Amino acid sequence: TSPLVLLKTAVLARRDQFALPIEPRVARVAGGTSILAGVLLYLHTALRFSDQGGTPSPSDEPPELVTSGVYGYVRNPMYLAVLCCIGGQALLYRSV
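Please read these numbers as outputs of a predicted model, since none were measured by experiment.

K.L.:
An account of the overall build of the chain is requested, with residue identities and associated values reported.
P.N.:
Looking only at helices and strands, one finds three helices and zero strands in the chain. Helices (α) and strands (β) of the chain occur, in sequence order from the N terminus, as α-α-α. Expressed as a percentage of the 96 residues in the chain, the buried residues total 18%. In the chain, the share of contacts with a sequence separation of at least 24, taken over all contacts with a separation of at least 6, comes to 66%. In the structure as shown, the chain presents an accessible area of about 7,300 Å², 64% of it carried by carbon and sulfur atoms.

As structure tokens, then:
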């Protein structure tokens, strides 16, 4: 048996020690809610950009600063949406 296989087995056997100390059901609900919120926020921001004549792509920005919707409260809600999705995945899989 190769040393890599032994190392992989040892890491996987100790996987539970690296899990977040949250009940699995709570982690699934919180993670799923965070992912859903992130996806909905991203769709909202993309629609705001398209309403203003642009797309989320940096090469096709709107001609004017978008300040409607969530852009009136958060400087870059697209980043916030992605962070919600990443945080939701961490919760969903109880990953550190």
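That covers the picture; the talk isn't over yet.
K.L.:
Explain the environment of Cys84 to me, and be specific about the residues and the numbers.
P.N.:
Within the secondary structure, Cys84 is located in helix α3 (residues 77-92). It is 5.5 Å that separates the C-alpha atoms of Cys84 and Ser34, two residues lying 50 residues apart in sequence. Apart from the residues within four sequence positions on either side, Cys84 is in contact with Ser34, Ile35 and Gly38.

K.L.:
I'd love a proper account of α3, names of residues and values included.
P.N.:
Between the first and last C-alpha of α3 there are 22 Å, a value that for 16 residues agrees with the 22 Å anticipated at 1.5 Å per step. If you check which residues of α3 are buried, you get Pro77, Met78, Ala81 and Gly88. Buried residues of α3 fall within an arc of 115 degrees about the axis and therefore sit on the same side. Those residues of α3 that are exposed and angled more than 90 degrees off the buried face are Tyr79 and Leu83. In this structure, the buried residues of α3 make contact with α2 (24-51). With its phi angle positive at about 50 degrees, Arg94 sits one or two positions after the end of α3.

K.L.:
I'd like to hear about the environment of Ala27, residue by residue, with values.
P.N.:
You can see Ala27 is positioned in helix α2. Residues Ala27 and Tyr93 lie 66 residues apart in sequence; the distance between their C-alpha atoms is 7.5 Å. Excluding residues within four positions of it along the chain, Ala27 makes contact with Ile22, Leu91, Leu92 and Arg94.

K.L.:
Which residues make up a nonpolar patch on the surface, and what values go with them?
P.N.:
Among the surface-exposed residues, Leu36, Val39, Leu40 and Leu43 lie close enough to one another that they form a single nonpolar patch of about 360 Å² accessible area. Mapping Val39 onto the fold places it in helix α2. Of the residues examined, Val39 reaches a relative accessible area of 39% and is grouped as partly exposed.

Rules of the game
Residues numbered from 1 in each chain as written. Predicted model: local features only at pLDDT ≥ 70, side-chain atom pairs only at ≥ 80, totals over all residues. Heavy atoms only, no water. Helix = DSSP H or I, 4+ residues; strand = E, 2+ residues; numbered from the N terminus. Buried < 20%, exposed > 50% of the residue type's maximum accessible area, 1.4 Å probe, protein only. Contact = heavy atoms within 4.5 Å. Areas by Shrake-Rupley, 256 points an atom, 1.4 Å probe, with all protein chains shown as cover. Expected span 1.5 Å × (residues − 1). Arc of directions from axis to C-beta. Patch = residues over 30% accessible without salt bridge, like charges linked within 9 Å, V, L, I, M, F, W, Y side chains within 5 Å. Salt bridge = Lys/Arg side-chain N within 4 Å of Asp/Glu carboxyl O.

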